[in-house]
Protein chains: 2
Amino acid sequence: MSERTKFVLDEKDIPTTWYNLAADVAVPPHLHPGTGQPITVDDLLPIMPRALAEQELGLEREVPIPDRVRELYALWRPSPLHRARGLERVLDTPARIYYKYEGVSPVGSHKPNTAIAQAYYNKEAGAERLATETGAGQWGSSLSFAGALFGLDVQVYMVKVSFHQKPYRKLLMETYGARCVASPSDETAAGRRILAADPECSGSLGIATSEALEVAMGDPRTNYAGGSVLNHVLLHQSVIGQETIAQLALADDYPDVVVACAGGGSNLGGLAFPFLGKALAGGPKVRVVAAEPAACPTLTQGRLAFDFGDTAGLTPLLRMHTLGHSYVPPSFHAGGLRYHGMAPLVSAALTEGLIEAVALEQTRCFAAGVTFARAEGVVPAPESTHAIEATIREALRCKAEGRAETIVFGLSGFGHFDLSAYEAYLTGSLRDEPYDQAGVEAALAGLPETVDA
Amino acid sequence: MSERTKFVLDEKDIPTTWYNLAADVAVPPHLHPGTGQPITVDDLLPIMPRALAEQELGLEREVPIPDRVRELYALWRPSPLHRARGLERVLDTPARIYYKYEGVSPVGSHKPNTAIAQAYYNKEAGAERLATETGAGQWGSSLSFAGALFGLDVQVYMVKVSFHQKPYRKLLMETYGARCVASPSDETAAGRRILAADPECSGSLGIATSEALEVAMGDPRTNYAGGSVLNHVLLHQSVIGQETIAQLALADDYPDVVVACAGGGSNLGGLAFPFLGKALAGGPKVRVVAAEPAACPTLTQGRLAFDFGDTAGLTPLLRMHTLGHSYVPPSFHAGGLRYHGMAPLVSAALTEGLIEAVALEQTRCFAAGVTFARAEGVVPAPESTHAIEATIREALRCKAEGRAETIVFGLSGFGHFDLSAYEAYLTGSLRDEPYDQAGVEAALAGLPETVDA
């Protein structure tokens, strides 16, 4: 075991390939909602370039990372792996805790790992504009950043509740030259339909996704770029876990438990899948814990079914744990986790017993975030506090059991744009939002009919 | 010359000593305002621990960095050195541009380099609380972060104009458990006196410093902690330049020009002094360019004189370039540069011809900041945009002259808490503030009488 507290890699150690869990775990194909048949690459070309469509449906284990993408990754990658000695001391745990810190990216989260890749392939294919949704704004900022680097216009539909909670996120996108509007907006038919039914609608990732898809489908120069859920997004995020494995080797250590927050699943998949890949290839087993919000408990309360990724039903049908595509989660602060569904790859991993899930209340998560900030320095994003709270529970279990396990968690981003949420927590005005069970039941009753409906 | 774009060092490469320019350049001693005699270590003990007082007056070239400080530096150090290939492309310059990025610290600037050290020595000496001033909030956040790590209470007086411009900075300090109030406040005699004369006073670093000093002097459990100007602060910041030298060796390169923004001088001194030390020891010469705001042009328009570091006249007299300690600069956005004086070490370096200075308008600096953000990804702090604008001018000079010089600049922090200033720039409402020449003349007429008055 190493006495060191930080494990850094060199630019040349940025992975040269992405790892694809779909090569090792059977994942049901996305279905065409009209025909019920598996979608094809051609089906996806109206909204994404061929290279990304092929990655979305691909089954190769290793996908080469273009040189230009690796060059831009070097703006912040490899990201550091820290031993959380301060947190260990506070918890007085025998566990060794590490965190992989993705907040060193220019926008402060892991999202640029796929934003850079998607902007690259879109630029190569001649696209001029990208449309997308964003929750807390991490993804919208990331795509805006990537668009600036590649000279692509970016149009972001930001979930209205987050748009108002986090005004600096919009300013950050605009500084990169992008355009950001609150969703639901009156710019799309999907947005107008929802506003007509509920003018006060606080929005959701599903609604914002419908708006972005509608724009991309209606303009041949515009493509859609997704920040999570899709197979190619999780593929790109696999650099996180691959680097972590190399860094733990420097520490002469290997995890018993890998913890990450889970909203759409890209951060969890990015960190954990390379570990699962090693285990499936005969390497050491790890427990993987997905920490999701109790207010939007997709993995722990959702149904495994084919469902749409967006509210209006414009996406292919994805086989995933879902609360129903028409479900609008309550307005809690971890906007990036406020999504009705889950990445099909993560859902498949849960089904196969490769991962576990835990649902956490936001007040407990913010308490964990403050503990972490005061022990380790970084104020975490509200999403990331879910991973911290789950890690603390594991570390306290280790203490109770007297076991010196190794826990690695993903610190997916910083909370610099989320400080009003911390203020609410610190002043005692933050409340836990129960999930709307009746709303979920109604949404699940409206699931599309498919082979397994 | 290397093809690489990032130069990283390992935890073990964190410097083991701080470099002290006072060993190599004659710096007039601070004077006791009552006696006109050089101050002693004992004179400083009411506001700081002996170790820091000895560093303030010390002339040793190398000062050992305590192990615990190096251990906490590893939370973010060594910071990366980047080759700014994107910016080079945009400028189409033959110059090689590098930036040392201090924004990877948990609070987003170089300030924790001294905050950690000061908190360490204060904790060792038994202090229970630290009082300080802050402009844009980078320093106050940093001391709050360091206080949390060491279990010290922190009380921050934040310049009122910045307090209102950057509300998230206060929330960040509170998340670390610190207390932050707008200055001038009614909590101190100095603050009450100024509010009585001008209830609308927007504050200044000089005023906030007076408030913090008054609190520290009035409570034996409380010490003062300064974020810039003082010799020991610049000493601690020398880790920046030392790391940069090691990283440039990895790049097989060495600068012709080193550029940094200058407010109180800690970022400039931290980056540039180790290069000056090498040159003074017979190594290669470098040009050092201090980029200061045209609205507060201390180095280019100030007078070299003994003056107080604060408005109320509580500090020792410092031999420095000053606009007069009673001068209140106009309210521009780079709050960290909004200070009437300059570090005595930086002033001595200017006097000795070791550095140059240039004064820059804020609209040009924000334009440079946006160019940088879209080319390199990081949205810089308003302070740091001054270094970028000065760098761009040097790079364009290289282009005009056809010279492939090497330029290294300090990217002292990110602008995540300053996005409302970017909004003002992007929407065209940002104006350049001329400095108040009559106000400076009046303030200079009120300089304290000393040997050289």
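Before going into details, it helps to say that this report is about the structure given with it. Here the structure is a predicted model, which means the values were calculated and not measured. (Residues numbered from 1 in each chain as written. Chains lettered and ligands numbered in written order. Predicted model: local features only at pLDDT ≥ 70, side-chain atom pairs only at ≥ 80, totals over all residues. Heavy atoms only, no water.)

1. Thoughts on the overall build of chain A
A count of helices and strands for chain A gives 18 helices and 15 strands. By the compact-globule yardstick of 22 Å for 453 residues, chain A fits well, its C-alpha radius of gyration being 20 Å. By its C-alpha atoms, chain A is 55 × 50 × 45 Å across when sized along the principal axes. Sequence-distant contacts in chain A: of pairs separated by 6 or more residues, those separated by 24 or more amount to 77%. Total accessible area on chain A is roughly 14100 Å²; 51% of this is exposed by carbon and sulfur atoms. Distance from the positive charge centre (37 side chains) to the negative charge centre (52 side chains) of chain A: 5 Å. (Helix = DSSP H or I, 4+ residues; strand = E, 2+ residues; numbered from the N terminus. Rg over C-alpha atoms; globule rule 2.2 N^0.38 Å. Contact = heavy atoms within 4.5 Å. Areas by Shrake-Rupley, 256 points an atom, 1.4 Å probe, with all protein chains shown as cover. Lys, Arg positive; Asp, Glu negative; His and termini not counted. Charge placed at Lys NZ, Arg CZ, Asp CG, Glu CD.)

2. Focus: the sheet that holds strand E7 (residues 153–159) of chain B
All names here are of chain B. Across the sheet, which stays open at both edges, the 4 strands sit in the order E8-E7-E6-E9 with parallel pairing between neighbours. Looking at which strands have only one partner, the edges of the open sheet turn out to be strand E8 (179–183) and strand E9 (222–224). Averaged over all pairs of adjacent strands, the angle between their axes in this sheet comes to 25°, without regard to strand direction. Pairing of E7 with E8 involves 5 bridges; the strand directions are parallel. Bridge assignment links Tyr-157 to a residue of E8, and that residue is Val-181. Those strands touched by helix H10 (residues 205–217) are strand E6 (129–134), E7, E8 and E9, and its axis lies near 170° from that of E6. (Pairing = 2+ DSSP bridges. Axes fitted to C-alpha atoms, helices over the stretch in contact; angles between N-to-C directions.)

3. Points about the interface of chain B and chain A
With 48 residues of chain B at the interface, the matching set in chain A holds 48 residues. At the boundary of chain B with chain A, total buried surface from both sides reaches about 3900 Å², with 55% on carbon and sulfur atoms. By the criterion of area lost to chain A, the three top residues of chain B are Tyr-168, Thr-175 and His-416 of chain B, representing 17% of everything that side buries. Applying the counting criterion to the chain B and chain A interface returns 4 salt bridges. In this structure, the salt-bridge partner of Asp-10 of chain B is Arg-4 of chain A, at a minimum N-O distance of 2.7 Å. Across the contact surface, chain B and chain A share 20 residue pairs in polar contact (both at pLDDT 80 or more). Where the side of chain B that touches chain A is concerned, the elements lending two or more residues are helix H3 (67–73), helix H6 (138–150), helix H8 (167–175), helix H15 (362–376) and helix H17 (419–426) of chain B. Ranked by the residues each element gives to the side of chain B that touches chain A, the list is headed by H8 of chain B, at 6 residues. Counted by class, the side of chain B that touches chain A contains 27 nonpolar, 8 polar and 13 charged residues. (Buried area = accessible area lost by both parts, 1.4 Å probe. Salt bridge = Lys/Arg side-chain N within 4 Å of Asp/Glu carboxyl O. Polar contact = N/O pair within 3.5 Å; in protein donor to acceptor, adjacent residues only side chain to side chain. Nonpolar A, V, L, I, M, F, W, Y, C, P; charged D, E, K, R; others polar.)

4. Describing the relation of the copies chain B and chain A
Laying chain B over chain A is done by rotating through 180° and shifting 0.0 Å along the axis; what remains is an RMSD of 0.0 Å. Put plainly, the chains are arranged around a two-fold axis. Scanning chain B for the C-alpha nearest the rotation axis identifies Val-104 of chain B, at a separation of 3.0 Å. (Least-squares fit on C-alpha atoms with pLDDT ≥ 70 in both.)

5. Let's talk about the environment of Ala-53 of chain B
As for its placement among the helices and strands, Ala-53 of chain B is situated in helix H2 (residues 50–57). Residues Ala-53 of chain B and Asp-42 of chain B, 11 residues apart in the sequence, show an inter-C-alpha distance of 8.0 Å.

6. Digging into the pairing of strand E11 (residues 287–293) of chain A
Residues and elements named next belong to chain A. Burial analysis of E11 places 6 of its 7 residues in the buried class, the great majority of the element. The pairing of strand E10 (residues 257–261) with E11 spans 5 bridges and is classified as parallel. Opposite Val-257, over in E11, you have Arg-287 as the bridge partner. Across 5 bridges, the pairing between E11 and strand E14 (residues 356–360) is parallel. Within the sheet, the bridge partner assigned to Ala-291 lies in E14 and is Val-358. (Buried < 20%, exposed > 50% of the residue type's maximum accessible area, 1.4 Å probe, protein only.)

7. Points about the nonpolar core
Of all hydrophobic cores here, the largest spans 205 residues; its most connected members are Trp-18, Tyr-73 and Ile-116 of chain A together with Trp-18, Tyr-73 and Ile-116 of chain B. Sort the elements by how many residues they give to this core and helix H6 (residues 138–150) of chain A lands first, with 7 residues. Discounting chain neighbours no more than four positions away, the residues touching Ile-116 of chain B are Val-69, Leu-72, Tyr-73, Trp-76, Phe-145, Ala-146, Leu-149 and Phe-150 of chain B. Counting 35 residues, the second largest nonpolar core, distinct from the first, contains Tyr-19, Val-288, Met-342 and Val-346 of chain A. (Core = buried A, V, L, I, M, F, W, Y, C linked by side-chain atoms within 4.5 Å.)

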